[in-house]
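What the coordinates show
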Amino acid sequence: MLRSAAPHTISVKDKRFAVSVPASRIGQEVRRVAGEIDRDYAGREPLFLAVLNGAFMFAADLLRLLSVPCRLSFVKLRSYRGLESRGEVSQLIGLGESIEGRDVIVVEDIVDTGLTMSRLLEGLRQMGPASLSVCTLLLKPGKLLHSVDISYCALRVPDDFVVGYGLDYEGLGRNYADIYSIIKE
Ligand code: IMP
């Protein structure tokens, strides 16, 4: 099948973005991470919890490169403002199976400040997994405010807002095979 060349710049809603990580580079790094997981989980049967919506493409590519026997579940974080609470609360939805005693690997699209991931890990820890680790497609080290132990990271990126390969800007842009960074105007 012929695939047309990816445009160097794209418009998503009212913003312009330029390619920052081409699909070929993403593929290389996802393959590297899959190799690390295969090595570390040899003889075990990890359960991947992929966080929707952003991690859908990464999870699909990662899992097809793995050899270790594994399970996959998609979860979602629903944010709402609790009536009693002043801050934003995230509730984990979609986890239809017990994680007690399992080797759990959380698959995320991006760790930015780390708040989402640290809250998610806190909740999962209380469910008694045998082990809990994090596998993220992207990490913005410059923005990390909450300490999160990240075992697997495909790519480190600058602080700029990105879309593509599952990541969105106001719901759009997830479909691109490359990752694009916002053009500041
Ligand atoms: P954190 O809680 O600040 O680490 O933010 C994590 C969440 O914010 C991710 O799961 C994404 O949904 C979203 N996010 C953070 N940075 C970006 C970005 O550059 N592009 C798209 N979504 C982002």
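See the structure shown above.
What you see is a predicted model; the values in this text were computed from it and never measured.

**Points about the nonpolar core**
Judged by nonpolar contacts, the single largest core of 31 residues is most densely connected at Ile-37, Leu-62, Leu-137 and Leu-138. Taken together, the elements giving at least two residues each to this core come down to helix H1 (23–40), strand S3 (47–52), helix H2 (56–64), strand S6 (103–111), strand S7 (131–139) and strand S8 (152–156). Counting 17 residues, the second largest nonpolar core, distinct from the first, contains Val-111, Leu-120, Val-134 and Leu-139.

**Quick look at the pairing of S8**
Consecutive side chains along a regular strand alternate between the two faces of the sheet. With respect to burial, S8 is a largely interior element, four of its five residues being buried. Both S7 and S8 contribute to a ladder of four bridges, which runs parallel. The residue bridging Thr-136 from the neighbouring strand is Cys-153, located in S8.

**A look at the site of the ligand**
The ligand sits among 14 residues. The nearest are Thr-113, Gly-114, Thr-116, Lys-140 and Val-162. Asp-109 is positioned with one of its side-chain polar atoms (N or O) 3.1 Å from an oxygen atom of the ligand. Measuring from an oxygen atom of the ligand, one finds a backbone N or O atom of Asp-112 at 2.9 Å. Look at the ligand: alone it shows 490 Å² of surface, and the protein chains cover 80% of it. Put simply, the ligand lies in the largest pocket. Where the shell around the ligand is concerned, the elements lending two or more residues are S6 and helix H3 (115–125). At four residues, S6 tops the list of elements feeding residues into the shell around the ligand. The class makeup of the residues in the shell around the ligand is six nonpolar, three polar and five charged.

**Details of the sheet that holds strand S10 (residues 179–182)**
The antiparallel open sheet is built from four strands, whose spatial order is S1-S2-S10-S9. The sheet is open, and its two borders are formed by strand S1 (9–12) and strand S9 (162–163), each paired with just one other strand. As paired elements, S1 and strand S2 (residues 15–21) share four bridges and run antiparallel to each other. Looking at S2, one finds that Ile-10 is bridged to Phe-17.

What counts, and at which threshold
Residues numbered from 1 in each chain as written. Predicted model: local features only at pLDDT ≥ 70, side-chain atom pairs only at ≥ 80, totals over all residues. Heavy atoms only, no water. Core = buried A, V, L, I, M, F, W, Y, C linked by side-chain atoms within 4.5 Å. Buried < 20%, exposed > 50% of the residue type's maximum accessible area, 1.4 Å probe, protein only. Helix = DSSP H or I, 4+ residues; strand = E, 2+ residues; numbered from the N terminus. Pairing = 2+ DSSP bridges. Near = heavy atom within 4 Å. Polar contact = N/O pair within 3.5 Å; in protein donor to acceptor, adjacent residues only side chain to side chain. Areas by Shrake-Rupley, 256 points an atom, 1.4 Å probe, with all protein chains shown as cover. 1 Å grid on protein atoms, 1.4 Å probe; cavity = no way out; pocket = protein on both sides within 12 Å on 5 of 7 lines; lining within 4 Å. Sits in = over half its atoms within 2 Å of the grid points. Nonpolar A, V, L, I, M, F, W, Y, C, P; charged D, E, K, R; others polar.

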